[in-house]
Amino acid sequence: MSESFNMDNLPFSLLSAKEQTLLNNNLDIAYFQKGETIIAAGDVPEGVFIVLKGKVGESDISDTSEEDSSESNVFVHYQDEDYFGGWSVLNGKAIHNFIAVEETICHVLPTRTLMDLIHSNPLFADYFQQNLTAKREIVAQHGQNQDMAEFMLARIQDGTIREPLIVLEGTTIHEATRMMREMKADCVLAKKGNRYGMVTGTDLLDAVIIKGMSLESDVSDIASYRLITTTPQDYLFNALIMMTQQQIERVVVMDGLELVGIVELTDVLSHFSSHSHVIGLRVERAQTIEDLREAAKGLTDLIKALISTGVKIRFTMELLAAMNGRIIAKLFELVIPHDLKPHVCLIVMGSEGRGEQIMKTDQDNGLICRAGLEWPEMAATMNTFSETLISFGFPPCPGNIMVSNPEWVNSTGDWANKLTAWSQKSDGESVMKLAIAVDGKPVAGNAALFKVARNAFLRSLRSNEIFFSHFAKASLNFDTPLTFFGNLKDKGMLDIKKGGIFPIVHGIRTMALEHRILETNTFKRIEALVEMDQMRAKHGENIAEALSLFIQIRLKHQIQRVEESEDGIDPTPNAIDLQRLNKLERDLLRDALRIVKDFKKHLASRYHIGS
Amino acid sequence: MIIPRTIRRFKERREFKDSPYAHLFEPYKGDEVVSLDCETTSLDVKKGEILSIGAVKIRGRRVITSERLDIKLKPPASLTGDSIKVHKIRASDLADGIEIDEALEQVIEFVGNRPILGYYVNYDIKMLDKYFRPRYGFSLPNKAIELSHVYHDIIKWKTVGGDVDLRFDTISKKLDIPIIQRHTALGDAITVGLMYVRLKFGAPLAD
């Protein structure tokens, strides 16, 4: 057999040995000169081409008729074992021109053989025909990145669900304690009517020792009936996030209205080798800023551990956003005098507000306080707060969006007015400030203050089409580079934030604002938009998948750079070094950027943005 | 055997006019070429024996790898240490090899009267002839195309004085052609095929 063809790449690695032989037996090798047309738009292509050496550009039919040099119209380049023409083959006709950019040698897989393979191998067919989401799914299961940690995807029902100890209303504290000891349980569910309430060992101690209640008191009186619940189908990982966020150690599993059992922190932890909750606990227990600083240090290692085990990027982000949020909130508590807490609200904005930062990115935060609040030391305290965060490794915001800057410390009314004022101005700075601000989320203090301001602002926006059109425009500011493969020789650096992440985040932000979606996380915003029928489920899925791919690739590069640099600082956090991507990553990245391009087109027509 | 090849071919063509092999002597009219390579136990035609034969057709600017010959022969007695180091073919690799008679039939069937292309192709043709003559009574009448000559004819204008480096690896590097699988008969045949297409149809060589 000729082994000139590399079967290790997807989708060919999905083929069985017999199918690979069939493929091998039918391959030809074609040679093309620079500038030669391999497939012309409108032609019936003879098969799929796999580049062995050289480079091929795909260009639009409408473009080639123009006098422009063909080079500038090329929107995708193929090289190094990339394949092209698959779409054309399946549709019977090519809609684009494929032209050799340099001397090129291609393997040619004839249509007939391709069809045979598609019929005999459903997975191969899927990969060939499907969209990005399906491809990523196949990659996750069969691809080279098989290190997706199974345990991270474990569901509640796969873990240990403990049989709850249930006592009826009227059981005494004494009796309940005895039963807990007998059953070796450390909590009990008290049934009152058809409701359940949780009583933990700590609750019992508090009741008897602190509150001095008698041992004969009804245990259902000290139970907490606001149960934090989950479902058997939910991810165990989410239970961990919930526990971290709510600072609790057990959640109740409900299947509809039926009580299934209890999941305990220790059980979840035994499922996860990472030490996220250990850090969480240290954050919670920190009594001084020094304690907190020590706890915060562990985060970077945690990120690396999660990434190296291949945990889905969305979960990692959620967990880390929860952790960062806890650290910031805890620091706020330590710094702010206790009696002022009901009168101020700390908000995080930008990527922090969306819960989409991974490595500690710049702090974007602000303070909203009750109108007329008298607090002479405010400025000094806020300075301390910002300084301390910097010392924790949260870099200062280059745009100075921090509570140490008086511009970002406002009363509720001022805040709403500021947002409205920005929305009425059309300069770039206002748009950016507004974009950062509408991703705001309260993390400490009195969240009601934030909500008042936000709602006032949303009311002012009602059906202001000009604003939305203007606001959306920013997402089209940067070109999405599909031809970057051609620039490999120049520098091979791609700014993934401008090209991919920002257009999605901002476009979704605009749509979310228009439909008054209060979520700040882009993925959740997408879900909400789909639910409201403002976006087709398939599109939403693809956009979410593209975004998480960008973030994942970016993160991988960030970690690499931090490890390689001497001072641990990454000067170009958004740069993707294209030469470091493997074949599969390039393939996926290209698909994802295509999705961004389509999404931008959609935005342009939806918000009537002329180019 | 000192009769020049052309004369001999002419003579044999007449002798085999009515045999089933007459078509092999017809001048070739098509646009195909067969790139062929043999792995042998020795570079000395007299001592060497064939281990494997690889061939692909070249049609226009395509190397038709889907139409190919990939023959393994039964391990000959002369398969010993030295040549194994070069081609890495051991006796056990040839366990399911075929007899030379059958191999020759397949070669004739595949090549027909097409020109045979190779790198030092005369060696391969002589090697085959060594087996052909005793069995068929004639030598392969096909036109031979020597890759290094094609290369030399093009490159010599650029090389002032001195000798042109005609080593396989050098040519492949100069032409920027990937070496498919060095030292397997089929791999070399494909690589040579690609070089040929590149030389015939490609842009002029860069310096």
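Since the model is a prediction, treat every value here as computed from it, not as a measurement.

Turning our eyes to something else, we now look at the overall build of chain B. Looking only at helices and strands, chain B features 7 helices and 5 strands. Along chain B, from the amino end to the carboxyl end, the secondary structure elements read α-β-β-β-α-α-β-α-β-α-α-α. In chain B, buried positions account for 31% of the 207 residues. A separation of at least 24 residues holds for 65% of the contacts in chain B among residues at least 6 apart in sequence.

The partner chain A presents 17 residues to the 20 residues of chain B that form the contact. Those elements that provide at least two residues to the side of chain B that touches chain A are strand E3 (62-72) and helix H7 (185-201) of chain B. Looking at side-chain class alone, the side of chain B that touches chain A contains 10 nonpolar, 5 polar and 5 charged residues. Pairing of strand E1 (residues 28-32) of chain A with E3 of chain B involves 2 bridges; the strand directions are antiparallel. Bridge assignment links Ala30 of chain A to a residue of E3 of chain B, and that residue is Arg62 of chain B.

Right, let's talk about the sheet that holds strand E16 (residues 365-369) of chain A for a bit. All names here are of chain A. The mixed open sheet is built from 4 strands, whose spatial order is E17-E16-E15-E18. If you trace the sheet from one side to the other, it starts and ends with strand E17 (409-411) and strand E18 (441-445), each paired once. Within this sheet the neighbouring strands show an average axis-to-axis angle of 30°, counted without direction. The strands touched by helix H17 (residues 412-424) are E16 and E17; relative to E17, the strand with the most contacts, the crossing angle is about 105°. The sheet strands contacting helix H19 (residues 447-461) are strand E15 (344-348), E16 and E18, and the helix crosses E15 at an angle near 70°.

In this section: the pairing of E16 of chain A. Residues and elements named next belong to chain A. Judged by how many residues are buried, E16 sits mostly within the fold: 5 of 5 residues are covered. Here E16 shows no split at all, with Asn365, Leu367 and Cys369 on one side and Gly366 and Ile368 on the other all buried. Inspection of the sheet shows E15 paired to E16 by 5 bridges, in the antiparallel sense. Each bridged residue has a counterpart across the sheet, and for Val344 the counterpart in E16 is Cys369.

Before going further, it helps to examine the environment of Ile99 of chain A. All names here are of chain A. Mapped onto the elements, Ile99 comes out in strand E7 (residues 96-100). C-beta crowding within 10 Å serves as the criterion here: with 22 such atoms nearby, Ile99 is assigned to the buried category. Distance from Ile99 to Thr37, taken between C-alpha atoms, is 4.4 Å for residues 62 residues apart in sequence.

With that out of the way, let us pick up the sheet that holds E1 of chain A. With mixed pairing, 9 strands are arranged side by side in an open sheet as E6(A)-E3(A)-E8(A)-E1(A)-E3(B)-E2(B)-E1(B)-E4(B)-E5(B). Since the sheet does not close on itself, it has two edges, and those belong to strand E6 (83-84) of chain A together with strand E5 (144-146) of chain B, each with one partner. Against the sheet, H7 of chain B contacts E1 and strand E8 (104-110) of chain A together with strand E1 (32-40), strand E2 (50-59), E3 and strand E4 (116-118) of chain B, and its axis sits at roughly 30° relative to E2 of chain B.

Residues and elements named next belong to chain A. Look at helix H21 (residues 496-514): 26 Å from first C-alpha to last across 19 residues, which is about the 27 Å you get at 1.5 Å a residue. Taking the largest bend as the criterion, H21 deviates by roughly 40°, centred on Phe502, and proline Pro503 comes between one and four positions later. Counting buried positions along H21 yields 17 of 19 residues, so the element is predominantly enclosed. Directly beyond the C-terminal end of H21, a positive phi value near 50° is found at Arg516.

Criteria and cut-off values
- Residues numbered from 1 in each chain as written.
- Chains lettered and ligands numbered in written order.
- Predicted model: local features only at pLDDT ≥ 70, side-chain atom pairs only at ≥ 80, totals over all residues.
- Helix = DSSP H or I, 4+ residues; strand = E, 2+ residues; numbered from the N terminus.
- Buried ≥ 20, exposed ≤ 12 C-beta atoms within 10 Å, placed from the backbone.
- Contact = placed C-beta atoms within 7 Å.
- Nonpolar A, V, L, I, M, F, W, Y, C, P; charged D, E, K, R; others polar.
- Pairing = 2+ DSSP bridges.
- Axes fitted to C-alpha atoms, helices over the stretch in contact; angles between N-to-C directions.
- Expected span 1.5 Å × (residues − 1).
- Bend = angle between axes of the 7 residues up to and from the residue.

None of the figures reported here should be taken as evidence of function without further support.
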